[in-house]
Amino acid sequence: MKAYLLAAVAALVSVPALAQDGTNGDPAVTSGFSGIYVGASGGYDVEPNDGGSTIQFDRNLDGRFGDTVLTGAGANAFGPGFCDGRAQAATGPQNGGPGCRNDKDGWSYNARVGFDHQSGPIVYGVVGEFGKSRINDSVTGFSSTPANYVMTREIGWEAAVRARAGFTPNDSTLFYGTFGPSYARIDRDFSSSQSTNSFEQRGKRNQFGFQGGGGIEQRIGDHFSVGMEYVYHQYQDNDFRVRAAGPAGTPFTNANNGGTVNGTDFRRSDDKFNWHSLRATAAFRF
């Protein structure tokens, strides 16, 4: 990852040299940044460390989370604790197990179309994108049975429409900021190493969010441009629920110590899904 970032920064610094004037003084670009363009972007997405993430419980199904799931003896059934990422075994680090794999960073790719207008050195416009990211984000709870309970989310696809505004000192190099709304298919999933209870998943739906960032774009000739871009993505992701039901008397269905025979609802404690993208861009300008 460090090597990728260093290579990206080096490319960002050196790309303006691609379109400098030739030795005969002829300019490489004459048309500036006004017009329609189509292109693509691709790069690497990084999901930040969600330190302290847990799974929260609603034992009596009153819509309020933060209850403690109790064993028949009255102990905390999730005393072994939680960890960020996907479980590697039924047991966690608190009870001698291997704990969790780190959340997965990964590559992303997008198609894009946009329009810019240049007025003197100022450039403003709009860009639309549609693409895919390979990241995922998990949290795991460990019970004293022992067993694991894993809640995961990842991106099925993402679309965005962002405004762009920037400055070009020479009609060939553009420095810009970008911001706008986005819409994504967030694929949520749940798994557990125990099979005594049944688990019903609810609340899977597409989600609105936003993107923001900036970059540099370099014209190469009259019709092509390349660049580097940073984008931050954020979504409010608080509607996914899992209900543990099944046989009466399990920690999730024990009505004698504050629960209900109808089961217990789960949700993640962290309600934001966010990540960072560093990507290369290329476009054909009409």
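Structure's up top.
First, a word on scope: everything that follows refers to the structure included in this document.

Calculation rules
- Residues numbered from 1 in each chain as written.
- Predicted model: local features only at pLDDT ≥ 70, side-chain atom pairs only at ≥ 80, totals over all residues.
- Heavy atoms only, no water.
- Disulfide = S-S within 2.5 Å.
- Helix = DSSP H or I, 4+ residues; strand = E, 2+ residues; numbered from the N terminus.
- Buried < 20%, exposed > 50% of the residue type's maximum accessible area, 1.4 Å probe, protein only.
- 1 Å grid on protein atoms, 1.4 Å probe; cavity = no way out; pocket = protein on both sides within 12 Å on 5 of 7 lines; lining within 4 Å.
- Points joined across faces, edges and corners; volume = space filled by probe spheres on them.
- Nonpolar A, V, L, I, M, F, W, Y, C, P; charged D, E, K, R; others polar.
- Pairing = 2+ DSSP bridges.
- Axes fitted to C-alpha atoms, helices over the stretch in contact; angles between N-to-C directions.

**So, the state of the cysteines**
Then step 1. Counted under the stated rule, the structure contains one disulfide.
Then step 2. Paired by a disulfide, Cys83 and Cys100 hold their sulfur atoms 1.8 Å apart. Judged by the sign of its S-S torsion, about 60 degrees, the bond between Cys83 and Cys100 is right-handed. Residue Cys83 is found in strand 3 (residues 81–84), and its partner Cys100 is found in strand 5 (residues 100–101); the two are separated by 17 residues along the sequence. For the pair Cys83 and Cys100, one class covers both residues: buried.

**Some remarks on empty space enclosed by the protein**
Then step 1. Scanning all chains against the criterion turns up two cavities of 30 Å³ or more.
Then step 2. One number sums up the size of the largest cavity: a volume of about 50 Å³.
Then step 3. Every residue along the wall of the largest cavity is listed here: Asp45, Ser108, Asn110, Gly131, Lys132, Ser133, Ile155, Glu158, His233, Trp275, Ser277 and Arg279.
Then step 4. Of the residues in the lining of the largest cavity, the class split is two nonpolar, six polar and four charged.
Then step 5. Here the second largest cavity defines a volume of roughly 40 Å³.
Then step 6. Forming the boundary of the second largest cavity are Tyr37, Arg112, Glu217, Ser225, Thr281, Ala282 and Ala283.
Then step 7. In terms of residue count, strand 16 (residues 272–285) provides more of the lining of the second largest cavity than any other element does, three residues in total.
Then step 8. Class assignment of the residues belonging to the lining of the second largest cavity gives a composition of three nonpolar, two polar and two charged.

**Focus: the sheet that holds strand 2 (residues 55–58)**
Then step 1. Strand order across the open sheet formed by four strands is 2-15-14-11, with antiparallel pairing between neighbours. Pairing within the sheet leaves two strands with one partner each, and these edge strands are strand 2 and strand 11 (198–202). Averaged over neighbouring strand pairs, the angle between their axes works out to 25 degrees when direction is ignored.
Then step 2. Where strand 2 and strand 15 (residues 264–268) come together, four bridges link them in antiparallel fashion. Directly across from Phe57, in strand 15, lies its bridge partner Phe266.

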